[in-house]
Amino acid sequence: MKNLFTVIVFGILSAFIVSGCQKAPTQEVADAKARIEAVTNADTQTYAADELAQLTKDLNAALEEIKVQDEKWFGNYDNAKVMLSAIDSSAENVTAVAAQRKEEAKNAAVNAQMEALAAIESAKALVDQAPTGKETKADIEMFKMDISGLEESLAGLQSSIDMEKYSEALDSANIIKE
């Protein structure tokens, strides 16, 4: 009876120690860091900067949770593991958000380019319809030179779109439209 009691107590203590002595999720931390590094690129930094920053905050929170559990005798890393696994799905979201916002920026830049072109054509038509005379000839020539400059700016705008600098292209288009 005494041996049975000793075996039971020893078994319970062994189970408690084994279950309580979890290892820190070092592989999960490495995977989360690698995932964040993999999604960090020019597009995500430009079009999903807030979401990318949130990933880093989530990683830091998980690391802090691991640190807290390391200081305990019987650390439980389950919460940290959940936090680290959430980083993976959030990283996929960052890439998708960046792609969506980049496409939206491209569409906005192309639409603004079309509006700028329409504004230039409208200005040309108005200048062509303007009454010409001795007094207005110099003004009309000045307007034509301005329109020529805007057309050159339009070529620069297309270059910005080609280089995927959509916010720069949008700014240029807005200047042309004014």
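Up top is the structure.
Residues numbered from 1 in each chain as written. Predicted model: local features only at pLDDT ≥ 70, side-chain atom pairs only at ≥ 80, totals over all residues. Heavy atoms only, no water.

**Q** So what about the pattern of salt bridges? Which residues, and what values?
**A** Under the criterion given, the structure shown has eight salt bridges. Where D43 meets K102, a salt bridge forms, and the shortest distance between an N and an O atom there is 3.2 Å. Of this pair, D43 sits in helix α3 (residues 42-47) while K102 sits in helix α5 (residues 78-129), placing them 59 residues apart in sequence. Judged by relative accessible area, K102 falls into the buried class, the value being 16%. Of the charged contacts in the structure, one is a salt bridge between K102 and E164, with a shortest N-O distance of 2.8 Å. Here K102, found in helix α5, pairs with E164, found in the loop between α6 (137-162) and α7 (166-177); they are 62 residues apart in sequence, far enough to count as distant. (Salt bridge = Lys/Arg side-chain N within 4 Å of Asp/Glu carboxyl O. Helix = DSSP H or I, 4+ residues; strand = E, 2+ residues; numbered from the N terminus. Buried < 20%, exposed > 50% of the residue type's maximum accessible area, 1.4 Å probe, protein only.)

**Q** Quick rundown of unusual backbone geometry? Include the residues and the values.
**A** Here the phi dihedral of E164 falls at roughly 60°; this positive angle occurs in a residue that is not glycine. In this structure E164 comes out as partly exposed when scored by relative accessible area, which is 42%.

**Q** Tell me about the nonpolar core, and name the residues and values.
**A** A general feature of soluble globular proteins is that nonpolar side chains tend to end up buried together. Within the largest apolar cluster, 33 residues are counted, with the highest numbers of intra-cluster contacts made by L55, L84, I87 and L157. Counting residues per element, this core draws most heavily on α5, at 12 residues. Beyond its immediate stretch of four places on either side in the chain, L157 contacts Q113, A169, S172, A173 and I176. (Core = buried A, V, L, I, M, F, W, Y, C linked by side-chain atoms within 4.5 Å. Contact = heavy atoms within 4.5 Å.)

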